[in-house]
Amino acid sequence: MRRPGSPTSPIPARPEPAASAPPGPGTPPARPHRRTARAVLAALLAGCAALTAQTAPASADGTPAADRASTAGPQGTDWSVAMVESTTTRFTPATIGGWSYPVGLYLFGQYQTYRRTHDERHLTYIKSYVDRFVDSEGNIGQKFNNLDSIQAGRLLVILHRETGDDRYRVAARKIRDRLKTYPRTEDGGFWHADTASRAHQLWSDGVYMVTPFLVEYGEEFDDETYTDREAVEQLNVYARHLQADNGLFQHAYDESRTATWADKDTGRAPEQWCRAIGWYSMAAVNVLDATPRSDPGRPELLGHVRKLAAGIARAQDPATGRWFQVVNKGTESGNWTETSCSSMFTFALSRAAEKGYVSPSYESVARRGHAGVLKKISLGSDGLTDLTDISIGTNVGDYAFYIARPRQTNDFHGLGAFLIMNEQLRKKR
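Reference entry: report on the structure contained in this document.

What counts, and at which threshold
Residues numbered from 1 in each chain as written. Predicted model: local features only at pLDDT ≥ 70, side-chain atom pairs only at ≥ 80, totals over all residues. Heavy atoms only, no water. Helix = DSSP H or I, 4+ residues; strand = E, 2+ residues; numbered from the N terminus. Contact = heavy atoms within 4.5 Å. Areas by Shrake-Rupley, 256 points an atom, 1.4 Å probe, with all protein chains shown as cover. Salt bridge = Lys/Arg side-chain N within 4 Å of Asp/Glu carboxyl O. Core = buried A, V, L, I, M, F, W, Y, C linked by side-chain atoms within 4.5 Å. Buried < 20%, exposed > 50% of the residue type's maximum accessible area, 1.4 Å probe, protein only. Expected span 1.5 Å × (residues − 1). Polar contact = N/O pair within 3.5 Å; in protein donor to acceptor, adjacent residues only side chain to side chain. Phe/Tyr/Trp six-rings, centres within 6.5 Å; stacked < 30°, edge-to-face > 60°. 1 Å grid on protein atoms, 1.4 Å probe; cavity = no way out; pocket = protein on both sides within 12 Å on 5 of 7 lines; lining within 4 Å. Points joined across faces, edges and corners; volume = space filled by probe spheres on them.

Here we look at the overall build of the chain
Step number 1: Within the chain one finds 15 helices and eight strands.
Step number 2: Excluding contacts between residues fewer than 6 apart, the proportion of contacts in the chain whose partners are at least 24 apart in sequence is 72%.
Step number 3: When the accessible area of the chain is evaluated, it comes to approximately 16,400 Å², of which 52% is carbon and sulfur surface.

Some thoughts on the pattern of salt bridges
Step number 1: Taken as a whole and judged by the stated rule, the model has 25 salt bridges.
Step number 2: Here Arg-351 makes a salt bridge to Asp-289, at a shortest N to O gap of 2.8 Å. In this pair, Arg-351 is assigned in helix 12 (residues 339–355) and Asp-289 in helix 10 (residues 274–290), connecting sequence segments 62 residues apart.
Step number 3: A cluster of three or more residues bridged by salt bridges with shared partners is formed by Asp-78, Arg-116, Glu-423 and Arg-426.

A closer look at the nonpolar core
It is characteristic of soluble globular proteins that their nonpolar side chains tend to be buried jointly.
Step number 1: The biggest cluster of nonpolar side chains holds 118 residues, and the ones touching the most others in it are Leu-107, Tyr-129, Leu-156, Tyr-280, Leu-301, Trp-323 and Phe-418.
Step number 2: Dropping the residues within four chain positions of it, Leu-156 is found in contact with Trp-99, Val-130, Val-134, Ile-140, Tyr-168, Ala-171, Ala-172 and Ile-175.

Points about helix 9 (residues 224–242)
Step number 1: For helix 9, built from 19 residues, the straight-helix expectation of 27 Å at 1.5 Å per residue is met to within 8% by its first-to-last C-alpha distance of 26 Å.
Step number 2: Here helix 9 lies mainly inside the structure; 14 of its 19 residues are buried.

Things to note about the side chain of His-413
Step number 1: You can see His-413 is positioned in helix 15 (residues 412–426).
Step number 2: Among the polar contacts listed, one links the side chain of His-413 to the side chain of Asp-411, at a separation of 2.5 Å.
Step number 3: Every residue in contact with His-413, bar those within four places of it in the chain, is listed here: Tyr-101, Pro-102, Leu-105, Arg-275, Trp-279, Ser-340, Ile-390, Ser-391 and Gly-393.

Brief notes about the packing of aromatic side chains
Step number 1: Scanning the entire structure with this criterion turns up 14 aromatic pairs.
Step number 2: Considering the side-chain rings of Phe-91 and Phe-412, the 5.6 Å spacing of their centres and the 55° angle between planes classify their relative orientation as tilted. Here the residue Phe-91 occupies a position in the loop between helix 3 (79–90) and helix 4 (101–117), and Phe-412 occupies one in helix 15, the gap between them amounting to 321 residues.
Step number 3: On the accessibility criterion, Phe-91 (27% relative accessible area) is partly exposed.
Step number 4: Looking at Phe-412, the relative accessible area reads 13%, which means it is buried.
Step number 5: With a centroid separation of 5.1 Å and 65° between ring planes, the pair formed by Tyr-129 and Phe-133 is classed as edge-to-face. The same class applies to Tyr-129 as to Phe-133, namely buried.
Step number 6: The structure contains a cluster of three or more aromatic residues connected by ring pairs, namely Phe-91, Tyr-106 and Phe-412.

With respect to empty space enclosed by the protein
Step number 1: A full pass over the atoms with the stated rule returns two cavities of 30 Å³ or more.
Step number 2: Here the second largest cavity defines a volume of roughly 50 Å³.
Step number 3: Lining the second largest cavity are Ser-281, Val-285, Val-305, Leu-308, Ala-309, Ile-312, Ala-348, Leu-349 and Ala-352.
Step number 4: Those elements that place two or more of their residues in the lining of the second largest cavity are helix 10, helix 11 (298–315) and helix 12.

Written as structure tokens, this is what we have:
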């Protein structure tokens, strides 16, 4: 049964396969042949007058002609719906990938679109994905020995809220219990992973993998006394080690100073990689949204967020509205504007301005960012959406390493960030 206040009708109950079993009764009804599905989607987008208007701004923002030409979509295209329809056409819940943070991010973004459209297919898709890993008793075959593996745990909380099925609580509790023994730095920061190669390290990416889960778990399962305090403190510990004078964040910090990239005095990595900073910015806003003003660590966190917002705004590319792969070195050779972090920054600034965490003036920065990201989405010849210039997953490195990272189209890092951003900015039009 659906929990009170859940935005839609419950998902019908049905037998659940074991975690290791192939897709069975929990798999959605068979989809039409892919060519048919793509033809239907193309026709839907071509007749998009019925969709919510959302036109990318024209060239008045100074965007280069090559960028403007990439925006190929009918006027009024609902890009969130188009992206979800395209992605669920390309992949079934069984083929979208394993338990991972990029897929978890994308499906969290799909859920944000679902909350607006109430299209039950999109929630059922999320459930079918999760049910590949959670059996009828709530067992989940994950050790949670790195922060990345925790991010998709947000889907467990969502499905418990939507269905009331206790096995999702049981599975989510495994993460909560793992954090009791998860390794930390001397001042309490969760290591990026419980492995020798990541020991004693904090990566700016890591806070998004764990802190939104914490506050959402706490709210759903009445554990806020612990989870809210922990989430705020993690963000503050990370910021103390990673936030630079310009407000932005270094990619990583090594307490032991033994990593090849670690500065021997500060322990910091050399560069300010955009998506790492984007992860932190979204996590901080999510946690501020969920925690009470009385939280003792909240004033410090607000200070970090305001300093970060100023740094993000200063680094925005005036020509495109987006942000560079190495954020603070936009004028250096080889640097390029990256789509996933641009979406993350846009979301974080818009949400922070809306909630009063930062000045309302940052909303104009977010609008320019939104317009810039919309220049990177288009319809392909198959009628499906393509989102371009997304950096693949990235370890810690130097400037040459970051700018040489492959740029992919429709990478889940970018798709999820886009949906989260777009659903926020739709509200602001």
